[in-house]
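Structural overview
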Amino acid sequence: MNMLLYYLDLALRAIWRNRALSALMVLALSVGIGACMTTITVYHLLSGDPLPGRSKTIFYPQLDGDPKHSNAKAPWDLLDYRTAVDLAQNGPATRSAIVVSSSEKIDAMTDAVPPFIGQLLSTNSDFFSMFDVPFAFGGSWSKDDEIHHARVVVISNSLNKHLFHGANSVGRRISVNNNSFEIIGVLAPWRPRPKFYEVAGGAIMRDSASTFYGRVEDVVMPFATSIELNRDDFNAWYCWREPTAGVDLTHASSCLWVQLWVQLGNSEAVANYKRFLEGYAAQQHDLGRFDIKPKVRLTSLLEWLSYNGVVPDAVKLQVAMAFAFLLVCLCNTVGLLFAKFSGRSVEFGLRRALGATQAGLFWQCLVEAAVIGLLGGIGGLIVTLCGLMVIRRQPFSYADLAHLDLSMFMSIFILSIFCGMLVAIVPALRSAKTAPALQIRSE
């Protein structure tokens, strides 16, 4: 410990004596680390687990009866209405959540706020318990409400602030698509990253993957109620055979537009659900609903997010470019360290002549580089904060998520000290191994 403090004192003295050269190294590390950590922070925020602690129990079932798609490696991403309802009602899952989104006219039925087009999420009550959705006021509807197509809704925290200034609005009424509903719940601030329950499209959606990071829908409504009142507003994601004129999407098995999520507690439940899916596919083929036996697949939440490429390609490219830029900065720092340590050859020679070991000189140089790295980390933190502030001003759906959390804050200093010591290894070894007589004589 005493030697470490001694090396630290020598490092601070050396940095102060060579202020200009030390400042150049700190600047190079600050810019490189700041650029790198800015992009890594954004990538970290966008690629995280949206349901920590329960994502391993959440699965996405697929069933594809499209004869034109029979040679594809993976089934289509969405389900038709009847398949989704059958799987939700009869499947051996702990919980099942049907998910459909649409745009609807929302009216607070007061003169204070004019009607506007907002986002509606149609689902069932398991959605809230499956995904651990927090409530600020009230709660979800019941199974009985779903059976009787109750006119009830849950609204988002942002809509509650917009319409009711954040007050408890449970019991009040709003109009959705010209139908009156009672508010029975208000969500607490909740924004999963990404908005996994609407991720679909695979490679088709990867160019617009930033849409996966939007805010939660304004209104959440029972699926059965929404089907009764809003079925004409739902759009098919894909139809391999156009439905007969006058037939809506709830009766068209060739039109895909519904997502289904299921919760399975363990590996045995997963295997059981896979067998159920395969049996259901064979049954529906035998009944004539599908011309071919549908392909099936059961994917975990994290696998599903990976398949759909939810992290925008632009962000991945920025991370690669930032690491390349950091490498350039480190190479410049290595050159500056060579110059710095070469200029102190007499000092190192005298220390060796007075009994200092090669290892001692090597560690002295590393401690000095670590201090420079720490100073670079402080500068990198400033550059990172400025970079994130710039990103928050960009027109991306995920821009407002760009904030530095504790793990990324600590990573900045760990990376800076590591980089400072890494680039110092070769210059330090060269300085430590030079014979003292040569170092003194060279002067």
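Please read all numbers here as calculations on a predicted model, not as lab measurements.

**So, the overall build of the chain**
- Counting its secondary structure elements, the chain contains 14 helices and 12 strands.
- Counting over 443 residues, the chain shows a buried share of 50%.
- Here the chain has roughly 20,800 Å² of accessible surface; of this, 59% comes from carbon and sulfur atoms.

**Some words on the state of the cysteines**
- Scanning all chains against the criterion turns up 1 disulfide.
- Each disulfide pairs two cysteine sulfurs, and for C239 the partner residue is C255, the sulfurs being separated by 2.0 Å. Taking the sign of the S-S torsion, 115 degrees for the link of C239 and C255, the bridge is right-handed. One end of the pair, C239, is in strand β9 (residues 238–239); the other, C255, is in strand β10 (residues 255–256), with 16 residues separating them in the sequence. For the pair C239 and C255, one class covers both residues: buried.
- Of all cysteine sulfurs in the structure, the one in C329 sits closest to C331, which takes part in no disulfide; the separation is 9.3 Å.

**Remarks on the packing of aromatic side chains**
- Counted under the stated rule, the structure contains 22 aromatic pairs.
- Consider the rings of F127 and Y197, whose centres lie 5.1 Å apart with planes at 90 degrees: the pair is edge-to-face. In this pair, F127 sits in helix α4 (residues 126–130) while Y197 sits in the loop between β7 (179–187) and β8 (219–222), placing the two residues 70 residues apart along the sequence.
- It is R297 that lies over the ring of Y307; its NZ or CZ is 4.8 Å from the centre.

**Observations concerning unusual backbone geometry**
- Looking along the chain, the bond that leaves R193 and enters P194 is cis, with omega of -5 degrees.
- Relative to the helices and strands, P194 resides in the loop between β7 and β8.
- Phi is positive for D132, close to 50 degrees, though the residue is something other than glycine.
- Locating D132 in the fold gives a position in the loop between α4 and β4 (135–138).

**Some words on the pattern of salt bridges**
- Within the structure shown, the criterion is met by 7 salt bridges.
- Linking K195 and E198 is a salt bridge whose minimum nitrogen-to-oxygen distance equals 3.6 Å.
- The residue R241 makes a salt bridge to D291 at a minimum N-O spacing of 4.0 Å. Taken together, the residues R241 in the loop between β9 and β10 and D291 in the loop between α8 (267–286) and β12 (295–300) connect sequence positions 50 residues apart.
- Given a relative accessible area of 54%, D291 falls into the exposed group.

**Considering the layout of surface pockets**
- Roughly 390 Å³ of volume is contained in the second largest pocket.
- What lines the second largest pocket is a set of 21 residues, and nearest its centre among them are A88, Q89, I98, N124 and E146.
- Of all the secondary structure elements, the ones that give two or more residues to the lining of the second largest pocket are α3 (81–90), β2 (95–107), α5 (143–147) and α7 (223–230).

**Quick notes on a nonpolar patch on the surface**
- Where nonpolar side chains cluster on the molecular surface, the patch consists of F418, L422, I425, V426 and L429 and spans about 440 Å² of accessible area.
- Mapped onto the elements of the fold, F418 is located in helix α13 (residues 406–433).

**Topic: the confidence of the model for the chain**
- Put simply, the chain has an average pLDDT of 85, and 89% of its residues get 70 or more.
- Predicted confidence for residues 203–209 stays below pLDDT 50, and this span has 10 contacts to residues more than four positions away or in other chains.

**Some remarks on the pairing of β2**
- One ladder, built from 5 bridges, connects β2 with strand β11 (residues 259–263); its direction is antiparallel. Within β11, the residue paired with I98 across the bridge is L260.
- Pairing between β2 and strand β3 (residues 116–123): 7 bridges, direction antiparallel. Bridging from a neighbouring strand, S101 pairs with L121 of β3.
- Where β2 meets strand β6 (residues 173–176), 2 bridges bridge the pair, whose relative direction is antiparallel. By the bridge assignment, I106 is partnered in β6 with V176.

Conventions used here
- Residues numbered from 1 in each chain as written.
- Predicted model: local features only at pLDDT ≥ 70, side-chain atom pairs only at ≥ 80, totals over all residues.
- Heavy atoms only, no water.
- Helix = DSSP H or I, 4+ residues; strand = E, 2+ residues; numbered from the N terminus.
- Buried < 20%, exposed > 50% of the residue type's maximum accessible area, 1.4 Å probe, protein only.
- Areas by Shrake-Rupley, 256 points an atom, 1.4 Å probe, with all protein chains shown as cover.
- Disulfide = S-S within 2.5 Å.
- Phe/Tyr/Trp six-rings, centres within 6.5 Å; stacked < 30°, edge-to-face > 60°.
- Lys NZ or Arg CZ within 6 Å of the ring centre and 35° of its normal.
- Salt bridge = Lys/Arg side-chain N within 4 Å of Asp/Glu carboxyl O.
- 1 Å grid on protein atoms, 1.4 Å probe; cavity = no way out; pocket = protein on both sides within 12 Å on 5 of 7 lines; lining within 4 Å.
- Points joined across faces, edges and corners; volume = space filled by probe spheres on them.
- Patch = residues over 30% accessible without salt bridge, like charges linked within 9 Å, V, L, I, M, F, W, Y side chains within 5 Å.
- pLDDT = per-residue confidence, 0-100.
- Contact = heavy atoms within 4.5 Å.
- Pairing = 2+ DSSP bridges.

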